[in-house]
Amino acid sequence: MPADTSTWSIAELAAEYDVTLRTIRFYEDRGLLTPERRGTARVYHARDKVRLGLILRGKRLGFTLDEIATIVDMYDREPGEEGQLVYLLNQITTRRAELEQRRRDIDETLAELAEVEARCQSDLDILRNR
C-alpha cells in the first residue's frame, strides 16, 4: 500500500480547518506540528493534517494543549496506540465529571436566580400597590 504523498501549504490547512495562519504557527511553536521546510515555505504532510484535526477536536472538547500534546504524541511512541486510548479514556472520564459538576452548579445558580427574581417581583408588586 503506497504512502500518502499529499501535501498542503499553511494557507490550505488554515482554510480547510477554518483557523488562522497564526494558530497553525502557534501549534508549530509548541511542537504539535512539524511541517517540512522547503526554503521559507512550510509543507504539511498527512500526519500534520491529522494532528491538526486532533488538536482542534481536543480544544473543542476542553482539553489543554499539554493534554492534547500528550495524547497525540503517545501514538508515535510507547505505549503506542493502546496507551494513547487508555489515557484518552481516562481524560474523557475526568472531563465529563468536570462538565457534569459545572452543569449542576449552573442549574443551582439558575434556581437561585429564579427564587431571587420571584422575591424581588413580589416585593415590587407590594410596593407598587401601597
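The next point concerns the overall build of the protein chain. Helix and strand counts for the protein chain come out as five helices and three strands. Put simply, the protein chain runs from its N terminus to its C terminus through helices and strands in the order β-α-α-β-β-α-α-α. On C-alpha atoms alone, the protein chain measures out to a radius of gyration of 24 Å, which is more than a quarter above the 14 Å that the 2.2 N^0.38 rule sets for 130 residues. Once the C-alpha set of the protein chain is aligned to its principal axes, its extents read approximately 85 × 35 × 25 Å. Out of the 130 residues in the protein chain, the part that is buried amounts to 26%. Accessible area for the protein chain stands at about 9600 Å²; split by element, carbon and sulfur atoms hold 53% of it.

Given 3.6 residues per helical turn, the α-helix brings residues three or four places apart onto the same face. Here helix H5 (residues 80–128) spans 70 Å end to end across 49 residues, near enough to the 72 Å set by a 1.5 Å rise per residue. For H5, the secondary structure elements touched by its buried residues are helix H4 (65–74).

Moving on to unusual backbone geometry. Peptide bonds are mostly trans, and most non-glycine residues show a negative phi. If you check the backbone angles, Asp-18 has positive phi at about 55 degrees while not being a glycine. Since its relative accessible area comes to 70%, Asp-18 is described here as exposed.

The next subject is a nonpolar patch on the surface. On the surface, Ile-106, Leu-110 and Leu-113 cluster together into a nonpolar patch covering about 300 Å² of accessible area. Looking at the element boundaries, Leu-113 is found in helix H5. Given the relative accessible area of 51%, Leu-113 is considered exposed.

The next thing to look at is the environment of Tyr-75. Its location among the elements puts Tyr-75 in the loop between H4 and H5. Considering only alpha carbons, one finds Tyr-75 and Ile-92, 17 residues apart in sequence, at a separation of 17 Å. Those residues in contact with Tyr-75, other than ones at most four positions away along the chain, are Gly-80, Glu-81 and Gln-84.

Glancing now at the nonpolar core. Counting residues in hydrophobic clusters, the biggest one holds 19 residues, and the most contacted among them are Ile-24, Tyr-27, Leu-32, Leu-52 and Ile-55. Put simply, the parts of the chain that give this core at least two residues each are helix H1 (10–17), helix H2 (21–29), helix H3 (46–60) and H4.

The three strands are arranged E1-E3-E2 in an open sheet whose pairing can be described as antiparallel. The open sheet has two edge strands, strand E1 (7–8) and strand E2 (36–38), and neither has a second partner.

About the cut-offs
- Positions within a chain are numbered from 1, following the residues in the order the chain's sequence is written.
- Where totals are concerned, whole chains, interfaces and linings use all residues; where local detail is concerned, this predicted model gives features only for residues with pLDDT of at least 70, and gives and counts side-chain atom pairs only at 80 or more.
- Only hydrogens and water are set aside when side-chain values are computed; all heavy atoms of the structure are taken into account.
- Runs of E in the DSSP output that reach at least two residues are strands. Runs of H or I that reach at least four are helices, and both are numbered from the N terminus.
- This radius of gyration counts C-alpha atoms alone. The globule rule is 2.2 Å times how many residues there are, raised to the power 0.38.
- Partly exposed describes any residue whose relative accessible area lies between the buried limit of under 20% and the exposed limit of over 50%, with all areas from a 1.4 Å probe on protein chains only and scaled to the type maximum.
- Only the protein chains shown count as cover for residues, with accessible areas throughout obtained via the Shrake-Rupley method and a probe of 1.4 Å.
- For a helix, the expected span equals 1.5 Å multiplied by the number of residues minus one.
- Residues are treated as being in contact if the distance between any of their heavy atoms lies within 4.5 Å.
- Patch membership requires over 30% relative accessible area and the absence of a salt bridge. Like charges are linked within 9 Å, and nonpolar side chains (Val, Leu, Ile, Met, Phe, Trp, Tyr) within 5 Å.
- What makes a salt bridge here is a side-chain nitrogen of Lys or Arg within 4 Å of a carboxyl oxygen of Asp or Glu, nothing more.
- Only buried residues count toward a nonpolar core. Its members are Ala, Val, Leu, Ile, Met, Phe, Trp, Tyr and Cys residues joined through side-chain atoms within 4.5 Å.
- Strand pairing is assigned whenever DSSP identifies at least 2 bridges connecting the two strands.

Function-wise, these values are silent; they only describe arrangement.
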